[in-house]
Amino acid sequence: MTLATSNPLLQPWDTPYGLPPFEQIRAEQFEPAFEQALKQHRAEIDAIGANPEPATFDNTVAALDRSGRLLERVTDLFQNLTSSETSPALQAVQLRMAPLLAAHHSAIHMHQALFARIDALHERRAQLELTAEQKRVLERFHFDFVRAGAKLGADEQTRYAQIMKRLAELTTRFGQNVLADESAFQLVLRDDADAAGLPDFVRAAARQAASERGIADASGADAMVITLSRSHIVPFLTFSERRDLREQAYKAWISRGEQPGEHDNRPIAREILRLRNEQARLHGYASYAEYALTDTMAGRQSAVTGLLAQVWEPAKARAAEERAALQALALSRGESVQIEAWDWRYYAEKVRQVRYELDEAAVKPHFALHRMVEAAFDCAQRLFGLRFVEQPQIKAYHPDVKVYAVHDTARGDGGDSLIGIFLHDNFARTTKRSGAWMSSLRSQSRNAGIAGAGVTPVILNNNNFAKGAPGEPTLLSFDDASTLFHEFGHALHGLLSNVTYERLSGTSVLRDFVELPSQLFEHWLAEPDVLKRHARHYLTDEPIPDALVDKLLAARLFNQGFETVRYTASALVDMAAHALPDGNVADVVEFERAELARIGAPADVGMNHRLTHFQHLFSGSGYAAGYYVYLWAEVLDADGYEAFVEAGDPFDAAVAARLRRFIYSSGNSIEPSEAYRAFRGRAPTVEPMLKGRGLVGV
Ligand SMILES: [Zn+2]
């Protein structure tokens, strides 16, 4: 057998829905498949460049958009596996492939013959009689090439490609180091004294983690293990009465990536910052922040810092009020402590229980994972007419992954209503990186090279929820359920995509627009109507009581000072690190400390992510000088949801139709501010965001 016939990665996938044949995939198949796919893509590009016909939109731009599909297929699968179900063998391939893939990316974007054709078309774009989408994809490709170095001189291009290659190695290493520190840590609770204060749901999740890791207590029963997964560590810090253990767990959590030895991310972050600065300078920008921001809605650093400044001081003032309340409560219990970072959540929960009579442990039984999944699907049905049909016969890459066929019941044209496939991977495990994200195995387009044939997207959502004990449901917090809705909003952006060219598909939008569909979707979870329908007690099936809904919604503004300070401090440090005019940081930890002192960040609040494990910035470049995008998009989502409030119905059909057409389906085919105006009828205002966070007029 030749390689091509024996390697399933290079075969046609005649599986249901063209999903990867997961059971046949082995780590050792990837390198030969990449080799073949890179060669094929290079040949496709050479052929476009060498075409003796003069450049036309179709023989150059549309052909470029169609190229590299085999490489994409292999890369998408590989990246999904290394994120969600990795192994030492896959990690080794990842380290070897990262520089080769970066070198390939550079070679394509510095391909002279190809770029000459794109550049010529771009020059004449006004005369080409293109559709609006064709004009946009041409401009987008031209911009991609220029940004990747197509217009640099030969020596500069060589250096540029070296930088990109080295950055690919470093960012891969960075993410692997964070995962290594997360997997290495476990806080074993051996008796009731160690578990003091922990409600049943935390104990159950901790027992489940212990059982997965084969750790027993003195009597031989499963012990309890707290890991650095968010859904372990945050509840532990919230409920544990053991201040010594809270301190131990908190310190481990915030020092990920900062351990001397082979997983130390300090020198890696430092080198990444220096190389990014050099990259920006080759393009003629003074800093990486300036370079990165040219391709955003914000456009300039001053627009970002202006927005962050609008929340920073009010958030600190709110956090100071919150601290005073925590201290008063501690005093009333005779625990006159200085509030430390590992105390904040613990006392905040006590204050919350007193002020709102809201007990997290009483809320959770109403938020079983399967109920919240139903809620998300139901909202998608009521807004957009989508139906999610489970396909239990299809096995994905892990038994916990659920596969759904997604049908568009609103189509009504008599054709096949299948619009995409959705894979839902909800549980934390040691082979999965932390956080929550959306990704894809295939992007929507109508440019597959076969007339009239559309490509249906395959979209994934990953969460890191702590799995319930065997036979018990997984219970979410309201925050966890919001995360589920958030990622599902991204998924809808991928599934509802309705464009011709893959380059403009789904989430391939400007990065300060990409969090709009996700954050907007979170609003539906907080609708009393949705809660009454879906937040049902897992034992009694009783809907969540009105009084509890009222308390839950009233308490949402609670502790927003703390949350906003943590987020904004991280965004400000990101911007400062990437705005350095020489990119030179002697020590990233010292830089972060000095920057936090300069902006007056309170030490007992902390940051969402410290530089040594800030994967948004250093596991890739997508959010570098871009952590601000969540707040930017929040201006849009808070203002955008008001359209439904003004219509008097959270599922108003006319507003939902505009939302689908201009936001969820348009991908990058419309300029983002224009898309927003088309949906909303006007530009956004910042007040709904400030109100939503309780920073003005509450
Ligand atoms: Zn997101």
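Everything discussed here concerns the structure shown above.
Because the structure is predicted, anything quoted here is derived from the model rather than measured. (Residues numbered from 1 in each chain as written. Predicted model: local features only at pLDDT ≥ 70, side-chain atom pairs only at ≥ 80, totals over all residues. Heavy atoms only, no water.)

1. Some thoughts on the packing of aromatic side chains
Part 1 of the argument: This model, assessed by the stated rule, comprises 38 aromatic pairs.
Part 2 of the argument: When the ring of phenylalanine 377 is compared with that of phenylalanine 488, the centres are 5.6 Å apart and the planes differ by 50°; the resulting orientation is tilted. With a gap of 111 residues between them, phenylalanine 377 in helix H17 (residues 369-384) and phenylalanine 488 in helix H18 (residues 478-495) connect regions that are remote in the sequence.
Part 3 of the argument: Residue class for phenylalanine 377 comes out buried when judged on its relative accessible area of 12%.
Part 4 of the argument: In this structure an aromatic cluster arises from ring pairing among Phe377, Phe388, Tyr404, Phe422, Phe485, Phe488, Phe521, Trp524, Tyr641 and Phe644.
Part 5 of the argument: Sitting over the face of the ring of tyrosine 346, arginine 246 holds its NZ or CZ atom 4.1 Å from the ring centroid.
Part 6 of the argument: The cationic tip of arginine 382 hangs over the ring face of phenylalanine 651; the distance from NZ or CZ to the ring centre is 3.9 Å. (Phe/Tyr/Trp six-rings, centres within 6.5 Å; stacked < 30°, edge-to-face > 60°. Helix = DSSP H or I, 4+ residues; strand = E, 2+ residues; numbered from the N terminus. Buried < 20%, exposed > 50% of the residue type's maximum accessible area, 1.4 Å probe, protein only. Lys NZ or Arg CZ within 6 Å of the ring centre and 35° of its normal.)

2. Details of helix H10 (residues 230-239)
Part 1 of the argument: Counting buried residues in H10 gives nine out of ten residues, a clear majority hidden from the surface.
Part 2 of the argument: All of the buried residues in H10 are Ser231, His232, Ile233, Val234, Pro235, Phe236, Leu237, Thr238 and Phe239.

3. Looking at the sheet that holds strand S6 (residues 437-442)
Part 1 of the argument: The five strands are arranged S3-S4-S5-S7-S6 in an open sheet whose pairing can be described as mixed. Only two strands of the sheet have a single neighbouring strand rather than two, namely strand S3 (386-390) and S6. Between one strand axis and the next, the sheet turns through 30° on average, direction left out of account.
Part 2 of the argument: As paired strands, S3 and strand S4 (residues 402-408) are joined by five bridges and run antiparallel to one another. What sits directly across from leucine 386, in S4, is aspartate 408. (Pairing = 2+ DSSP bridges. Axes fitted to C-alpha atoms, helices over the stretch in contact; angles between N-to-C directions.)

4. A look at the pairing of S4
Part 1 of the argument: A large share of S4 lies buried, amounting to six of its seven residues.
Part 2 of the argument: Relative to strand S5 (residues 418-427), S4 runs antiparallel, the two sharing six bridges. Looking at S5, one finds that valine 403 is bridged to leucine 423.

5. Quick notes on the side chain of aspartate 65
Part 1 of the argument: The topology assignment puts aspartate 65 in helix H3 (residues 57-66).
Part 2 of the argument: A polar atom in the side chain of aspartate 65 sits 2.8 Å from the backbone nitrogen of arginine 503.
Part 3 of the argument: Contacts of aspartate 65, omitting those with residues within four sequence positions, involve Phe141, Asn447, Tyr501, Glu502 and Arg503. (Polar contact = N/O pair within 3.5 Å; in protein donor to acceptor, adjacent residues only side chain to side chain. Contact = heavy atoms within 4.5 Å.)

6. Description of the pattern of salt bridges
Part 1 of the argument: Throughout the structure, instances matching the rule amount to 44 salt bridges.
Part 2 of the argument: Arginine 203 is paired through a salt bridge with aspartate 192; the nearest N and O atoms lie 3.4 Å apart. You can see arginine 203 sitting in helix H9 (residues 200-213) and its partner aspartate 192 sitting in the loop between strand S1 (187-189) and H9, a full eleven residues away along the chain.
Part 3 of the argument: Overall, the relative accessible area of 58% leaves aspartate 192 in the exposed class.
Part 4 of the argument: One continuous salt-bridge network, built from bridges that share partners, spans Glu85, Asp425, Arg429 and Lys432. (Salt bridge = Lys/Arg side-chain N within 4 Å of Asp/Glu carboxyl O.)

7. Notes on the coordination of the zinc ion
Part 1 of the argument: At the metal site, the zinc ion is ligated by His486 (NE2), His490 (NE2) and Glu515 (OE), and these contacts range over 2.0 to 2.1 Å.
Part 2 of the argument: Positions of the donor residues of the zinc ion along the chain correspond to the pattern H-x3-H-x24-E. Remark: glutamate 515 occurs in the loop between H18 and helix H19 (516-525) and histidine 490 occurs in helix H18; sequence separation between them is 25 residues. The residues histidine 490 and glutamate 515 share a single accessibility class, namely buried. (Donors = N, O, S within 2.8 Å, 3.2 Å for Na, K, Ca; no water.)

8. Notes on the packing of helix H2 (residues 30-50) against helix H6 (residues 112-123)
The geometry of a pair of packed helices is captured by two quantities: the angle between their axes and the separation between those axes.
Part 1 of the argument: The contact between H2 and H6 brings their axes to 8 Å, and the two run at 55°. Looking at the two axes, H2 sits oblique to H6. Judged by the twist between their axes, the crossing of H2 over H6 is left-handed. Touching Ile45, Ile48 and Gly49 of H2 are Ala113, Leu114 and Arg117, all from H6.
Part 2 of the argument: When the residues that make up the contact of H2 with H6 are grouped by side-chain class, the tally is four nonpolar, one polar and one charged. (Parallel < 35°, antiparallel > 145°, perpendicular 65-115°, else oblique. Left-handed = near helix turned anticlockwise from the far one by under 90°. Nonpolar A, V, L, I, M, F, W, Y, C, P; charged D, E, K, R; others polar.)

9. Notes on the nonpolar core
Part 1 of the argument: Counting 77 residues, the largest nonpolar core has Trp344, Leu611, Phe618, Tyr628 and Met689 as the members making the most contacts within it.
Part 2 of the argument: The leading source of residues in this core is helix H14 (residues 301-332), at twelve residues.
Part 3 of the argument: Apart from residues lying up to four places away in sequence, leucine 611 is in contact with Phe174, Val573, Val588, Phe591, Glu592, Leu617 and Phe618.
Part 4 of the argument: Phe427, Leu496, Leu552 and Ala656 belong to the second largest nonpolar core, which has 63 residues in total. (Core = buried A, V, L, I, M, F, W, Y, C linked by side-chain atoms within 4.5 Å.)

10. A closer look at the environment of arginine 352
Part 1 of the argument: Relative to the assigned elements, arginine 352 resides in helix H15 (residues 341-356).
Part 2 of the argument: Owing to a relative accessible area of 13%, arginine 352 belongs among the buried residues under this scheme.
Part 3 of the argument: Taking the C-alpha atoms as reference points, arginine 352 and alanine 555, separated by 203 residues in sequence, lie 7.4 Å from one another.
Part 4 of the argument: For arginine 352, the residues in contact, after removing those within four places along its chain, are Glu357, Leu358, Glu360, Ala555 and Phe558.

11. Description of the environment of alanine 252
Part 1 of the argument: Considering the arrangement of structural elements, one finds alanine 252 in helix H11 (residues 243-254).
Part 2 of the argument: Along the sequence, alanine 252 and leucine 228 sit 24 residues apart, while their C-alpha atoms lie 8.0 Å from each other.

12. Side note on H2
Part 1 of the argument: When the terminal C-alpha atoms of H2 are compared, their 30 Å separation across 21 residues agrees well with the 30 Å that a helix rising 1.5 Å per residue should span.
Part 2 of the argument: Among the residues making up H2, those that are buried are Phe30, Ala33, Phe34, Ala37, Leu38, His41, Ile45, Ile48 and Gly49. Projected onto a plane normal to the axis of H2, the buried residues spread over an arc of 140° and lie on a single side. Exposed positions of H2 whose direction lies more than 90 degrees from the buried face are Glu35, Lys39 and Ala50.
Part 3 of the argument: For H2, the elements touching its buried residues are H3, helix H4 (69-84), helix H5 (88-109) and H6. (Expected span 1.5 Å × (residues − 1). Arc of directions from axis to C-beta.)

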